[in-house]
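Observations on the three-dimensional arrangement
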Amino acid sequence: MVSRRDVFIGSAAAAGLAACAAPSNASLNLNDKRALLSGFAVNTESWWTDEPFERRFVKAAEAGFTHAEFWFVGLFKRDAKALAAAIKPTAIKIAQIVANAPALGQAANRVQYLDAVKQAIDDAKILGTDIVTVTGHQNIDGVTRGDVLKAYRDNIAASAELWEAAQIYCAIEPFNPYDHPGHFIYGYADALDICASIKSPFIKLNWDLFHMQRHEGNLIANFEAGKEHVAYVQIADSPARGQPGTGEVDYANVLRKLRETYTGPIGLEFWAKDKDYDQAVADMVELAQRL
C-alpha cells in the first residue's frame, strides 16, 4: 500500500495551520472519506456491535472504510465462504483475521496447533487476506515462564513451513497484563526474540499499540527497535480502549513516525466511546487529516 504520509514540519504553529486548512468532516463526501480512511481497517468485532455481523461490513463501507479486520472464523462458528460472499458486494478488503490457537505454552498441543494453522490459512485464502494473528500465550499452571516461552517458540517455529508455503504471515500478538491477565507474552521484547530466533520471513508481529502503551509505553522508540519484524499494526487509545483522541496517546505523532516504514492498513481494534460510531468515524477522519 502506498503511504499517504505527508512531509511534516515539526512545530506547533505548522500543525495548527495544517489543521485549519484541512476541510471539515461535514464538507467531505464519501470518496474524500475513503481516501482518508484507506490506511485503516475497521474492526467489525468492536464496531456496530448492535448490528448482525455481516451487516457491519455494509456499515463500514457506508462510513468510508475500505478495509476491515475481525477475529475468529471457526471458533465463532462462521463459514469463511459464506462470509466472503456476504462481504464481496461491499468491496471491503479483509486486512487480517485471528487463528484459533490452543495453549502454545504446552508442547503437547503441537498437532492441534498445526491443524488450526492449516484451517486459518484456508480461511485467509478464502477471505483474501495474507495476515493471521496468533496468540495462545496463556499461562500454564505449574510450568515455569522459561519453559512456556520455549514451548511457545518451538510450536510457532514448527508452523513456519506452513506459513511460508502459503505466503501468509503469522502475526504473534503480545498483550498487556491489565486487560489480559494470565498470559506470558506482554510487550514487545519476548515476542521480538521469538521472531528473531525463528528467522522466518513469515513469522512476524501484530504490533498492537494499545497493548504496548498499557504495558510499557515508549511507543516510538520500541517500534523502531522492532519494525523489521512487524506484519500488522493495531491501535486504540489508552487506558479505556476508545478511539484515538479519547485517551493519553498522541496518535498523530506516533503514526507519522510509524508510517515511515509501515505502510499497511492499521487495525482499529477499539470500542467507540459511548458507542457513538459516527463520532468515532469523524475522529478517525480528523486523525487521518493530520498524518
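Above: the structure in question.
Presented here is an overview of the structure given in this document.

Helix and strand counts for the protein chain come out as twelve helices and eight strands. Relative to the globule expectation of 19 Å for 291 residues, the C-alpha radius of gyration of the protein chain, 19 Å, shows essentially globular dimensions. Over its C-alpha atoms, taken along the principal directions, the protein chain stretches across nearly 60 × 45 × 35 Å. Looking at the protein chain as a whole, 53% of its 291 residues qualify as buried. A sequence separation of at least 24 residues applies to 80% of the contacts in the protein chain between residues at least 6 apart. With an accessible surface of roughly 13000 Å², the protein chain has 51% of that area assigned to carbon and sulfur atoms. Seen as two clouds, the 29 positive and the 36 negative side-chain charges of the protein chain have centres 4 Å apart.

Here phenylalanine 72 shows up in the loop between strand S2 (67–69) and helix H4 (80–87). Beyond its immediate stretch of four places on either side in the chain, phenylalanine 72 contacts Glu45, Arg78, Val98, Ala99 and Asn100.

Our focus in this paragraph is the pairing of strand S7 (residues 230–235). Of all six residues in S7, six are buried, a share of seventy percent or more. As judged from the four bridges shared by strand S6 (residues 203–208) and S7, these two strands associate in the parallel manner. Bridging across to S7, aspartate 208 finds its partner in glutamine 234. As defined by bridge partners, S7 adjoins strand S8 (residues 266–268) across three bridges and the pair is classed as parallel. Paired with glutamine 234 across the strands is glycine 267, a residue of S8. Handedness of the crossover joining S7 and S8 through helix H11 (residues 251–258) is recorded here as right-handed.

The subject of this paragraph is the sheet that holds S7. The strand order around the closed barrel formed by eight strands is S1-S2-S3-S4-S5-S6-S7-S8, and the pairing between neighbours is parallel. Within this sheet the neighbouring strands show an average axis-to-axis angle of 30°, counted without direction. Alignment of strand S4 (residues 131–134) against strand S5 (residues 169–172), held across four bridges, turns out to be parallel. Each residue of the ladder has a partner; that of valine 134, found in S5, is isoleucine 172.

Here we come to the side chain of histidine 183. Mapped onto the elements of the fold, histidine 183 is located in the loop between S5 and helix H8 (189–198). Here the side chain of histidine 183 touches histidine 180 through a polar contact of 3.3 Å, landing on its backbone oxygen. Within the local environment of histidine 183, its side chain forms a polar contact with the backbone oxygen of proline 181, the two atoms lying 3.3 Å apart. Setting aside anything within four residues of it in sequence, one finds histidine 183 in contact with His137, Gln138, Asn139 and Phe175.

Here is what the cut-offs are and how they apply
Residues numbered from 1 in each chain as written. Predicted model: local features only at pLDDT ≥ 70, side-chain atom pairs only at ≥ 80, totals over all residues. Heavy atoms only, no water. Helix = DSSP H or I, 4+ residues; strand = E, 2+ residues; numbered from the N terminus. Rg over C-alpha atoms; globule rule 2.2 N^0.38 Å. Buried < 20%, exposed > 50% of the residue type's maximum accessible area, 1.4 Å probe, protein only. Contact = heavy atoms within 4.5 Å. Areas by Shrake-Rupley, 256 points an atom, 1.4 Å probe, with all protein chains shown as cover. Lys, Arg positive; Asp, Glu negative; His and termini not counted. Charge placed at Lys NZ, Arg CZ, Asp CG, Glu CD. Pairing = 2+ DSSP bridges. Right-handed = clockwise from strand over helix to strand, strands pointing away. Axes fitted to C-alpha atoms, helices over the stretch in contact; angles between N-to-C directions. Polar contact = N/O pair within 3.5 Å; in protein donor to acceptor, adjacent residues only side chain to side chain.

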